[in-house]
Amino acid sequence: MKTLANTNQHLKVCIDKHRAGKIAVIIKGFVGNTEDLKALGKLLKTKCGVGGSAKNGEIIIQGDIRDKVMEILKEEGFYVNKAIKDYGNNDRCIISTKI
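Residues numbered from 1 in each chain as written. Predicted model: local features only at pLDDT ≥ 70, side-chain atom pairs only at ≥ 80, totals over all residues. Heavy atoms only, no water.

Topic: the pattern of salt bridges
What counts here: When a carboxyl oxygen of Asp or Glu is within 4 Å of a side-chain nitrogen of Lys or Arg, the pair counts as a salt bridge. The helix count covers DSSP runs of H or I at least four residues long, the strand count covers runs of E at least two residues long, and both are numbered beginning at the N terminus. Exposed residues in this analysis have more than 50% of their type's maximum accessible area, buried residues have under 20%, and partly exposed residues fall in between, with area computed by a 1.4 Å probe over protein chains only.
This structure, assessed with the given rule, holds three salt bridges. Lys28 is the partner of Glu58 in a salt bridge, and the nearest nitrogen-oxygen pair spans 3.7 Å. Taken together, the residues span a long stretch of sequence, with Glu58 in strand β4 (residues 58-62) and Lys28 in strand β2 (residues 23-28) at a distance of 30 residues. The salt bridge partner of Asp67 is Lys82, with a shortest N-O separation of 3.5 Å. Taken together, the residues span a long stretch of sequence, with Asp67 in helix α2 (residues 66-75) and Lys82 in strand β5 (residues 79-85) at a distance of 15 residues. By relative accessible area, Asp67 is classed as exposed at 53%. Residue Lys82 is classed as partly exposed on the basis of its relative accessible area of 22%.

Here you go:
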C-alpha cells in the first residue's frame, strides 16, 4: 500500500487506559505501509522520550501526552483530530475537536 503524503493524512488521537490501567495515547487513521507507520511511531517515541508500539494500523504511545503528540504531528504536516474513546466499541474513537 502506498503511503499518503503527510498533508493528506487525517489522524485521530485519543487517550485510553491500556494494560494494567496505564494511560496511553492511540493514533489511528494512518494510511500507508507498515514501515512508514513504524517510522512515524519511532519519531513520536523519540521526540516524547517514551515507549510505545506501532502495529495493526495504529500507534500506541505510553503516557498521558496527547497534546505533545498532537503538536509533533502538526509540525510534521499531519491533519490531526482530538478524539475521545468510545468505550462501547473498543476499536472506535469519536472525534471531539478538529485541530
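The rest of the description comes next.
Quick notes on the layout of surface pockets
Put simply, the rule is: Put simply, the grid is 1 Å and covers the protein atoms alone, a cavity is a trapped set of points that fit a 1.4 Å probe, a pocket is an open set with protein on both sides within 12 Å along at least five of seven lines, and lining residues have an atom within 4 Å of a point. Grid points are joined across faces, edges and corners, and a volume is the space filled by probe spheres set on the points. In the scheme used here, Gly and all other residues not listed as nonpolar or charged are polar, with Ala, Val, Leu, Ile, Met, Phe, Trp, Tyr, Cys and Pro taken as nonpolar and Asp, Glu, Lys and Arg as charged.
In this structure, the largest pocket spans a volume of roughly 200 Å³. The wall of the largest pocket is formed by His18, Arg19, Lys22, Ile23, Ala24, Gly52, Ser53, Lys55, Ile60, Gln62 and Gly63. For the lining of the largest pocket, the elements supplying multiple residues, two or more each, are β2, β3 (52-55) and β4. Among the elements that line the lining of the largest pocket, the one with the most residues is β3, at three residues. Residue composition of the lining of the largest pocket, by class: three nonpolar, five polar and three charged.

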